[in-house]
Amino acid sequence: MRSTGFRRTFVALSVCSSLALAATACGSGDDGTASGKTRITVNCEPPKSAKVDRGFFEQDVASFEKRHPDIDVVAHDAFPCQDPKTFDAKLAGGQMEDVFYTYFTDARHVVDIRQAADLTPYIKELKSYDSIQKQLRDIYTVDGKIYGVPRTGYSMGLIYNRKLFQKAGLDPDRPPATWDEVRADGKKIAALGDGTVGYADYSAQNQGGWHFTAELYSQGGDVVSADGKKATIDTPEGHAVLQNLHDMRWTDDSMGSKQLLVINDVQQMMGSGKLGMYLSAPDNIPILVKEKGGNYKDLALGPMPGGKGTLIGGDGYMFNKHDTPAQIRAGLKWLDHMFLTPGTGFLGDYARAKKANAPVGLPEPRLFTGAADAKDQQVKKANANVPVANYQAFLDGNHSLQLKIEPPDAQQIYSVLDSAVSAVLTKKDADIDQLLKDASGKIDGILARG
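What counts and what doesn't
Residues numbered from 1 in each chain as written. Predicted model: local features only at pLDDT ≥ 70, side-chain atom pairs only at ≥ 80, totals over all residues. Heavy atoms only, no water. Pairing = 2+ DSSP bridges. Helix = DSSP H or I, 4+ residues; strand = E, 2+ residues; numbered from the N terminus. Axes fitted to C-alpha atoms, helices over the stretch in contact; angles between N-to-C directions. Core = buried A, V, L, I, M, F, W, Y, C linked by side-chain atoms within 4.5 Å. Buried < 20%, exposed > 50% of the residue type's maximum accessible area, 1.4 Å probe, protein only. Contact = heavy atoms within 4.5 Å. Parallel < 35°, antiparallel > 145°, perpendicular 65-115°, else oblique. Left-handed = near helix turned anticlockwise from the far one by under 90°. Nonpolar A, V, L, I, M, F, W, Y, C, P; charged D, E, K, R; others polar. pLDDT = per-residue confidence, 0-100. Disulfide = S-S within 2.5 Å.

**Here we look at the sheet that holds strand β10 (residues 275-280)**
And step 1. With respect to topology, four strands assemble into an open sheet ordered β9-β10-β8-β11, the strand pairing being mixed. Two strands in the sheet have a free side with no partner beyond their single neighbour: β9 (197-199) and β11 (299-303). Looking at each pair of strands side by side, their axes are set apart by 25° on average, direction ignored.
And step 2. The sheet contact formed by strand β8 (residues 157-161) and β11 spans five bridges and is antiparallel.

The following block contains the structure:
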């Protein structure tokens, strides 16, 4: 699943959204030269409805073109950045931009269908490349060749309500580190009564399968085998995930009676102050405040319980297979300017974001390493306007976790796992062994077709 928000004022960005657009409206359709300039089309410009983000983006494109007068950037907007319903068709139809947005889970697929340019001969020209976290760079590396560049990354953690922790006699500076502790804390929070729920989880619209995967990673398990050919959920770790959800729901009564929840339901509960904990990426926090009635001082973030792993996601840019060498070089310069220079650009200009009353100080995206990361964190801290101490446990805990990307054929697999998660949350006598066996068989079928 994609991350569910964006760290500025708008929760998602954009892309050309209709196949009715002519090829010249999305792709360049030529050799990328116009009036002696190298022209590149790019996507994921914020739509006009997101006035602040749109203004930032346009400012940054203008400053890039001033610095590089030999390059002409043509940006395209729509909502969302990538529409899964049209993504493959745009690629196959030659309508994709020269530099185009992708989720991490798209990278291998775009390479497999031979729609990505090989950036390997040019990557040394991307000044920031070596400073990006290796595990994120590796997502866009296939068979030793580089096909894309990460732009943001997120990892899952545990959002919790500090006020409810205090009311329940829990330490708000010490989030639960194990699933047993989640269960114990959830019981105490639910015991506050008045409709308070200790822990909530998704179980519909593929979101239950997404969270099952995150919880399985946290226990040290995997959804599929290393070679991507077999399901690996019918294991002690997979059983522990479903058993824990079943016990919190039916034995502890800490998850409330309303189930088949999706992200908006859970966000509403947390924003209203009636929920103690749920799994999420940090980008949920500004949504909870700006849209759901929450307060930054009451919201905190801990690492994934379990201590073994966490699900990561994010996005980046790939290059059209028809790009000329000049367009690839221009696109790499554009990425450096827009997204990959700590302290500046669309994602890194924290001073500008603060002036626009956008949240600054959330613990992600944590894209860089070494000196680049130190500079990014220094500038972020200097401009922070949210309670950064509330997220320190998340930052500290993530250092010891294995960071794991979503499985192949993720959405199809999540649909299967939804059924298992929803069953244990709606049926007290659910047979966990049978649920895992049935889901394994269906996932094996999906992988065989893939």
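**Some thoughts on the nonpolar core**
And step 1. Core analysis: the biggest nonpolar cluster contains 70 residues, and Tyr-199, Phe-212, Ile-233, Leu-245 and Ile-443 have the highest contact counts within it.
And step 2. When residues in this core are grouped by element, the largest group, nine residues, is from helix α17 (residues 410-426).
And step 3. Here Leu-245 is in contact with Tyr-199, Asp-201, Glu-215, Met-255, Val-421, Val-424 and Leu-425, once residues within four sequence places are set aside.
And step 4. Core analysis: the next-biggest nonpolar cluster, separate from the first, contains 53 residues, Val-111, Tyr-122, Leu-136 and Val-142 among them.

**Considerations on the packing of helix α2 (residues 51-67) against helix α12 (residues 325-338)**
And step 1. Following both chains from N to C, one finds α2 and α12 inclined at 130°, their axes separated by 10 Å at the closest point. Classed by the angle they form, the pair α2 and α12 counts as oblique. The interaxial crossing formed by α2 with α12 has right-handed handedness. From α2, Phe-57, Asp-60, Val-61, Ser-63, Phe-64 and Arg-67 reach across to α12, where they touch Ala-330, Lys-333, Trp-334, His-337 and Met-338.
And step 2. Looking at the contact of α2 with α12, its residues break down into six nonpolar, two polar and three charged.

**Looking at helix α10 (residues 263-271)**
Since the α-helix packs 3.6 residues into each turn, any two residues three or four apart lie on the same face.
And step 1. Restricting attention to buried positions, one finds in α10 the residues Ile-263, Val-266, Gln-267, Met-269, Met-270 and Gly-271.
And step 2. Those residues of α10 that are buried lie in contact with β8, β9, α8 (207-218), β10, α11 (284-290) and β11.
And step 3. Just beyond α10, the residue with positive phi is Gly-273, at close to 80°.

**Here's the deal with the confidence of the model for the chain**
Predicted coordinates in regions of low pLDDT should not be interpreted in detail.
And step 1. Across the chain, the average pLDDT comes to 91, with 92% of residues at or above 70.
And step 2. Long-range and interchain partners of residues 4-29, a stretch whose pLDDT sits below 50, account for 110 contacts in this model, where long-range means more than four residues apart.

**Looking at the state of the cysteines**
And step 1. Scanning the model with the defined rule gives one disulfide in all.
And step 2. Residue Cys-44 pairs covalently with Cys-81 via a disulfide, S to S 2.1 Å. Taking the sign of the torsion about the S-S bond as the criterion, the disulfide between Cys-44 and Cys-81, at about 55°, is right-handed. On the criterion of sequence distance, the pair formed by Cys-44 in strand β2 (residues 37-45) and Cys-81 in the loop between β3 (71-77) and α3 (87-92) is long-range, its members being 37 residues apart. In terms of burial, Cys-44 and Cys-81 fall into one category: buried.

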